[in-house]
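What follows is the residue order along each chain.
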Amino acid sequence: MKAWPYLLAAAIILGGIIHIAAVLIWPVFVMDRLVSGIEEQVGLGVIAHAPRATSDSRTVVRPSPDLIYSICAFDVSKAPLRISAPVPKDTYFSLSMFGDNSDNFFVVNDSQLLKDTVEVILVQNEEQSGALGGAPIVVAPSDRGVVLFRTLIQSEDRFEELDAIRQQAICEVM
Amino acid sequence: MLGTVISGLLKLLATLAVALLIGLGSAWWSINAGLGSALQNGAWSTDPAIGSEAAGPYARAAVARAGLLALNKSETVYFTASIDDAGEPLSTKCSYRLEGKPLATRWWSITVYGSDHYLTPNEDHHYSQAMNTVTRNADDGFTINVSPDGSGLNGIPTAASGPDEEDAFSLTLRLYNPDEDTYSNLESLALPTVTKEGCS
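Residues numbered from 1 in each chain as written. Chains lettered and ligands numbered in written order. Predicted model: local features only at pLDDT ≥ 70, side-chain atom pairs only at ≥ 80, totals over all residues. Heavy atoms only, no water.

Colleague: Quick question: what am I supposed to make of the state of the cysteines here?
Modeller: Think of a disulfide as a covalent bridge from one cysteine sulfur atom to another cysteine sulfur atom. Residue and element names in this part refer to chain B. Enumeration according to the criterion identifies two disulfides over all chains in this entry. Each sulfur of the disulfide joining C94 and C199 lies 2.0 Å from the other. Disulfide C94-C199: the torsion about the S-S bond is 95°, which places it as right-handed. On the criterion of sequence distance, the pair formed by C94 in strand β4 (residues 94-100) and C199 in strand β10 (residues 193-199) is long-range, its members being 105 residues apart. (Disulfide = S-S within 2.5 Å. Helix = DSSP H or I, 4+ residues; strand = E, 2+ residues; numbered from the N terminus.)

In structure tokens form, the structure reads like this:
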């Protein structure tokens, strides 16, 4: 009896399983590489202010050259993370958070903020948030991920002003 | 006896190799199929699930490959064009004219990316046009010229668009805080037309 039809069928079934596993793992792999890269460069829970994106920028694909980005990687398995930033006037600004599978689980922008400063505390779970007070609490869907601040360069004349404002943003392990 | 064992092992290894080739090859093809193949609007495509926790595994994998850290649609709608209005792939050897009407959004931008998904190298570090930079037409619409040297009104260069100067490139249209109507009209929004002007 010929064995190759059975081997081919086994290869196709196994190939299907590998396909599904690869598609599921890919976002987690890419995020882990990003978080680990930031951890190596500045550490976890520490904000980094990326220079304006150019063709030399290779940290994240398809960056917008019209925005300036600040980023911090988190691991809330041991302690919450306090995040705060001044909100620049008359331009787009947002604070967003991404889980370890790349999902954008939280975002707020300047038009939704009533104060001139945004402050939130990122926690692993409701229990961890019990002893905290004051700032709004955000529960992370995963222990690790990233916080990203976007500021639109409304005009080139305002670049230095907006760059200085974003450098006041804070990520702090509590 | 030894010959039978070796033959069996070789068949097993060959089966595993074929399975890996099928599994990883098809996965990589799916991941590289691009962002937003769910909805088509002229040359532009999008997937409302981009960045969302409701995204399926293929949309999530495509975002990780070609749009990592994309915001969910409540904040930003991303359209991508890798073809022109005639359905031909965008090429750095050709020039294109984009004609757009005012977009109902707080802020928009159109950015050129190389086949490697990074910004295209050029001396002026000029990669995009946006709501706050574009020179408008008399009717408040806009014309953007995307060409190898970035010449013309509101020009964006595409030369040296990726690794080894591959000739494929793509455009991303970002709509930040679009009007509420946008979400129910993603396929019929009046987005910029992408017309090929000529090729070298």
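Colleague: Would you mind showing me how to read the nonpolar core here?
Modeller: Proteins that are soluble and globular tend to have nonpolar side chains buried together. Core analysis: the largest hydrophobic core is formed by 36 residues, its most contacted members being L34 and V146 of chain A together with L68 and L69 of chain B. Taken together, the elements giving at least two residues each to this core come down to α1 (4-41), β2 (67-75) and β8 (144-152) of chain A together with α1 (2-31) and α2 (57-66) of chain B. When residues in this core are grouped by element, the largest group, eight residues, is from α1 of chain A. Setting aside chain neighbours within four positions, we find L69 of chain B in contact with M31, L34, V60, I71, F98, V146, L148 and R150 of chain A. (Core = buried A, V, L, I, M, F, W, Y, C linked by side-chain atoms within 4.5 Å. Buried < 20%, exposed > 50% of the residue type's maximum accessible area, 1.4 Å probe, protein only. Contact = heavy atoms within 4.5 Å.)

Colleague: What's the story with the sheet that holds β10 of chain B in this structure? I'm lost.
Modeller: Adjacent strands of a sheet form backbone hydrogen bonds with each other and so pair up, either parallel or antiparallel. All names here are of chain B. Taken in spatial order, the four strands make up an open sheet running β8-β7-β4-β10, and their pairing is mixed. Sheet topology places β8 (156-157) and β10 at the edges, where each strand pairs with a single neighbour. Relative to β8, strand β7 (residues 142-147) is paired through two bridges, and the arrangement is parallel. Across the sheet, S147 pairs through a bridge with P157, a residue of β8. (Pairing = 2+ DSSP bridges.)

Colleague: Got a minute to help me understand the layout of surface pockets in this structure?
Modeller: Looking at the largest pocket, its volume works out to about 660 Å³. Where the lining of the largest pocket is concerned, the elements lending two or more residues are α1, β1 (48-49), β2 and β8 of chain A together with β3 (76-81) and β9 (169-178) of chain B. Considering every element that reaches the lining of the largest pocket, the biggest residue donor is α1 of chain A, with four residues. When the residues that make up the lining of the largest pocket are grouped by side-chain class, the tally is 21 nonpolar, ten polar and four charged. (1 Å grid on protein atoms, 1.4 Å probe; cavity = no way out; pocket = protein on both sides within 12 Å on 5 of 7 lines; lining within 4 Å. Points joined across faces, edges and corners; volume = space filled by probe spheres on them. Nonpolar A, V, L, I, M, F, W, Y, C, P; charged D, E, K, R; others polar.)

Colleague: Could you clarify how one ought to interpret the packing of aromatic side chains in this entry?
Modeller: One pair of aromatic rings is described through two measures. These are the centre distance and the angle between the planes. In total, this model carries seven aromatic pairs over all chains according to the counting rule given. Residues W26 of chain A and W28 of chain B carry aromatic rings whose centres are separated by 5.3 Å and whose planes lie at 80° to one another, so their mutual orientation is edge-to-face. Residue W26 of chain A is found in helix α1, and its partner W28 of chain B is found in helix α1; the two belong to separate chains. Assessed through its relative accessible area of 41%, W28 of chain B is described here as partly exposed. Geometrically, the ring pair formed by W108 of chain B and F142 of chain B is stacked, given 4.5 Å between the ring centres and 25° between the ring planes. (Phe/Tyr/Trp six-rings, centres within 6.5 Å; stacked < 30°, edge-to-face > 60°.)

By themselves these figures say nothing about function.
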